[in-house]
Amino acid sequence: TGQAVGQPLLGHTGVVKFVAFSPNDQCVVSGSYDKTVRLWDIRTSMLTIKPLERLPDVNVAVFSPDGKSILLGTDGGISVWNTATGDRDRSMAPGLCVHRLAYSHDGSHIVSGTKDGQVVLLHASTGNVIRAVKPHLFGWINSVEFSADDQYVLFETCDELNISLFFSSDFTQSWYDDCLSMNPEDGWVKDDNGRLLLWIPTRHRLLVKNNMALRLGPNLQENRMPKIDWPKLQRCVGRNWMKEFEA
């Protein structure tokens with residue numbers, strides 16, 4: 001209906017920088033330029049704990065999969081806070097200028113995207129860095145996400161809107177190549193066995209490069225069109241994607 005649900009969450013005195021839902025969709029965490037982070041019960045629009053105060057450099061917050069803690073990414077690292085008490089449990093990755101964060105679905109790993117273009121994988125329990133990579137790209141990491149099976153990490157940068165994929169299931173290998181192509185006449189993206197994976201509308205079939213990358217977007221300027229690397233994307237959706245489509 002487009003109608004507001006419940007009452008507004010009132011309390012911040014500055015512009016809100018980020019919000020995120022808890023895994024059970026009952027709570028929301030918000031952070032603001034007023035240097036506070038607040039945890040809300042969306043059923044009552046009331047705070048569940050006292051505001052976390054004097055936090056000037058928080059850029060992002062995410063809930064753990066069990067909802068018992070929240071990660072705060074700052075210009076100086078990552079901190080873990082208890083959602084029941086509001087206490088800081090521990091800190092990790094000191095000195096890391098964190099811009100984006102994501103938990104693996106099983107809660108065992110954390111991935112961070114930084115303002116200097118790094119993608120960093122950490123153990124959730126210890127905070128130890130497993131691996132850090134800096135692609136041959138410039139600018140901040142704008143988003144990071146685990147695949148549904150937690151075997152891969154998808155990240156997006158701000159320089160050319162590249163969507164790329166890295167990390168194998170053992171988190172020791174990096175880039176993958178495969179053979180995907182799109183027929184510019186019918187718009188179907190196919191794998192190396194000819195199976196249909198994804199259909200692209202006519203207005204978006206602007207450029208196929210080396211049968212591996214497709215640029216999408218209404219703007220014909222090359223440097224303004226997002227680029228999707230199909231080999232990396234396929235590693236995220238998996239080769240069984242078509243079975244789900246046919247079902």
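Structure: see above.
Quick look at the structure, then. (Residues numbered from 1 in each chain as written. Predicted model: local features only at pLDDT ≥ 70, side-chain atom pairs only at ≥ 80, totals over all residues. Heavy atoms only, no water.)

### What to know about the side chain of Thr114
On the secondary structure map, Thr114 appears in strand E10 (residues 109-114). Under the relative-accessibility criterion, Thr114 is labelled buried at 0%. Among the polar contacts listed, one links the side chain of Thr114 to the side chain of Asp116, at a separation of 2.3 Å. Setting aside anything within four residues of it in sequence, one finds Thr114 in contact with Leu96, Cys97, Val98, His99, Val120, Trp140 and Ile141. (Helix = DSSP H or I, 4+ residues; strand = E, 2+ residues; numbered from the N terminus. Buried < 20%, exposed > 50% of the residue type's maximum accessible area, 1.4 Å probe, protein only. Polar contact = N/O pair within 3.5 Å; in protein donor to acceptor, adjacent residues only side chain to side chain. Contact = heavy atoms within 4.5 Å.)

### Some points on the sheet that holds E10
Pairing within the open sheet is antiparallel, and its 4 strands lie in the order E9-E10-E11-E12. Strand pairing shows two members of the sheet lacking a second neighbour, strand E9 (98-103) and strand E12 (129-133), which therefore form its edges. Strand-to-strand twist in this sheet, taken as the mean axis angle between neighbours without regard to direction, amounts to 15 degrees. (Pairing = 2+ DSSP bridges. Axes fitted to C-alpha atoms, helices over the stretch in contact; angles between N-to-C directions.)

### Some details on the sheet that holds strand E7 (residues 77-82)
Taken in spatial order, the 4 strands line up as E5-E6-E7-E8 in an open sheet, and their pairing is antiparallel. Looking at strand neighbours, the two that pair on one side only are strand E5 (58-63) and strand E8 (88-92), the edges of this open sheet. Each adjacent strand pair in this sheet contributes to an overall mean axis angle of 20 degrees, direction not counted.

### What about the pattern of salt bridges?
Scanning the entire structure with this criterion turns up 2 salt bridges. A salt bridge links Asp41 to Arg43; the shortest N-O distance between them is 3.1 Å. (Salt bridge = Lys/Arg side-chain N within 4 Å of Asp/Glu carboxyl O.)

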